[in-house]
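Summary of the model geometry
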Amino acid sequence: MNKLAHAVLNPINSLNLLSRGEIEDFTTTRGELFDLYRRCALAILNTDSNKDDAAEIYADFSDFDLHLVPQPRGLRLELCNAPAQAFVDGRMIRGIQEHLFSALRDIVYTDIKLGTKPAESASAATDLVFRILRNARVVRPDVPPRLVVCWGGHAIPREEYDYAKDVGYALGLRGLDIVTGCGIGAMKGPMKGAAVGHAKQQMKNGRYIGISEPGIIASESPNAIVNELVIMPDIEKRLEAFVRLAHAIVVFPGGVGTVEEILYLLAILMHPDNDSSLPLVLTGPAHCEQYFVELERFLVDCLGEQVRQYYQVILGDHHEVGRTVRKAVQEQHSRRRKAKEAYYFNWELAITSDLQQPFVPTHANMAALELRDELPRHELAAQLRRTFSGLVAGNVKTFGIEQVRKHGPYQLHGEPRLLRSMDRLLHMLVKQKRMKLGEGEHDYQPCYRI
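These numbers were taken from a predicted model, which means no experiment stands behind them. The numbering scheme is per chain: residues are counted from 1 as the chain's sequence reads. Confidence filtering applies because this is a predicted model: local features only for residues at pLDDT of at least 70, side-chain atom pairs given and counted only at 80 or more, and all residues used for totals across whole chains, interfaces and linings. The side-chain quantities take in all heavy atoms of the structure and omit both hydrogens and water.

**Here we look at the overall build of the chain**
Keep this limit in mind: For helices the rule is a DSSP run of H or I covering at least 4 residues; for strands it is a run of E covering at least 2, with both sets numbered from the N terminus onward. Relative accessibility thresholds used throughout: buried, under 20% of the residue-type maximum; exposed, over 50%; partly exposed, between the two (1.4 Å probe, protein chains only). For accessible areas, the Shrake-Rupley method is used with a probe of radius 1.4 Å. Any residue's cover is judged against the shown protein chains and nothing else. The charged-residue count follows a simple rule in which Lys and Arg add positive charge and Asp and Glu add negative charge, with His and chain termini not counted at all. We put the charge of a Lys on NZ, of an Arg on CZ, of an Asp on CG and of a Glu on CD.
Helix and strand content of the chain: 16 helices and 14 strands. With the C-alpha coordinates of the chain rotated into their principal frame, the extents come out at 60 × 55 × 45 Å. The proportion of buried residues among the 450 residues of the chain is 58%. When the accessible surface of the chain is totalled, it reaches about 18,900 Å², and 47% of it is carbon and sulfur. A gap of 5 Å separates the mean positions of the 54 positive and 56 negative side-chain charges of the chain.

**Description of helix α6 (residues 158-173)**
Definition in use: One fewer than the residue count of a helix, multiplied by 1.5 Å, yields its expected span.
Here α6 spans 22 Å end to end across 16 residues, near enough to the 22 Å set by a 1.5 Å rise per residue. Residues of α6 that are buried include every one of Glu160, Tyr161, Tyr163, Ala164, Val167, Gly168, Ala170, Leu171 and Gly172, and no others. Gly175 sits one or two positions beyond α6 and adopts a positive phi of about 75°.

**Quick notes on the sheet that holds strand β10 (residues 248-251)**
Heads up, the condition is: Two strands are counted as paired when DSSP detects at least two bridges linking them. Every axis in this analysis is a line fitted to C-alpha atoms, fitted for helices over the stretch in contact. Angles between the N-to-C directions lie between 0 and 180 degrees.
Here 7 strands make up an open sheet; going across it, the order is β9-β8-β7-β6-β10-β11-β12 and the pairing parallel. Each end of this open sheet is capped by a strand with a single partner; those strands are β9 (228-231) and β12 (312-315). Between one strand axis and the next, the sheet turns through 25° on average, direction left out of account. In the sheet, β10 pairs with strand β11 (residues 280-284) via 3 bridges, with the strands oriented parallel. By the bridge assignment for β11, Ile249 is matched with Leu280.

**Overview of the environment of Val251**
Definition in use: Whether two residues are in contact is decided by their heavy atoms, any of which lying within 4.5 Å being enough.
By secondary structure assignment, the location of Val251 is in strand β10. Excluding its chain neighbours within four sequence positions, the residues that come into contact with Val251 are Trp151, Thr258, Ile262, Leu280, Val281, Leu282, Thr283 and Phe292.

**Let's talk about the pairing of strand β7 (residues 177-180)**
To keep it simple, the criterion reads: Looking down the strands as they point away from you, a crossover is right-handed if its path from the first strand over the helix to the second goes clockwise.
Every second residue of β7 is oriented toward a common face, with Asp177 and Val179 on one face and Ile178 and Thr180 on the other, all of them buried. Inspection of the sheet shows strand β6 (residues 147-151) paired to β7 by 3 bridges, in the parallel sense. Paired with Val148 across the bridge in β7 is Ile178. Remark: the β6/α6/β7 crossover connection has right-handed handedness. In the sheet, β7 pairs with strand β8 (residues 208-212) via 3 bridges, with the strands oriented parallel. The residue of β8 that forms the bridge with Val179 is Ile209. Once the chain exits β7 it traverses helix α7 (residues 188-200) before rejoining the sheet at β8, and the crossover so formed is right-handed.

As structure tokens, then:
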């Protein structure tokens, strides 16, 4: 592994939220909070890595360390044995340097300023999401609606990456900004394309917002195009941040994480209290038709024919995606202005507590999921979301991988019809190599058993 033995960094922007006492507590104890930041920092420095196994990444850089040194005007960050790809001629890439201090800002702010006590209500959880985004200066009341959230896989073929880039270009030409999970693949492509579109329109204030969380950041290291990075405390708050910020959502082909995101959004859109919806476009190159056929079959099998009204599928036409999304964002603008709703945060969307409370994918919790046909559709979507969240953990998150290694595959129980439909979708994801794979298809070891 190429490593840089020593580097010293100063914050590019002022980082004055820490007192000297807080810095001392954070660094001298080297407890759980410090270790959390150390792991996030390593993930950020390991940008553009092709590895998505967090444990393997941490093992490769087991000698990586960092020190926070108090200074009269803030602090200095010292790195030891950092990944060399984060540097050019011995100097750190500016975007990565900003990401390091953004992660420090969010992790310390969440723990020290907000505390780690679970939110007692749905409104309190939403308030917490808002306060983290506000502290990161992501919510901006003086900006008209133009944020398009893009979801999709991080390990995708080149043709799909190029298509995601083309879609980003079409969105950028229309003055739209991009929000993604900040990794590579379908998260990097739209940002890269939008950056070119913005440059052609001479837009100098393009926004490329990346939202991550500590459990996934190692397998989806932030790409350096991100100019606003936010680290949310857990996957549920990360998903809520996406939905609260979005003016439209575009989904590219992906694996179990992408399906989790779709189910999360549908659990919200199908809730009877949500009269206003978010525009949702599913898109990919023309050869991805079978992917969307199987995905739609799964959604209809589980959630009913009515689920089709909440999204539209556009294949192989990035210009049509650009036109459709731009029109949808304009309609969102008009609706919110007429209703006197905030442009910068979707306060009006009802998000139930079962979508907000962190789901810990232990074997007991996975086995206890209610995958029953008689549940209301939005509740079933929420249960399915937790199922796929557990599968994400078993594939790429340190905790889930360790659980599966110790106790074997997760056991999933429920309505046979629902489980058969889920199994069919998962087999398709494996066949198309959208699950975590080795060199060949048969190298995949399922982290679940139906």
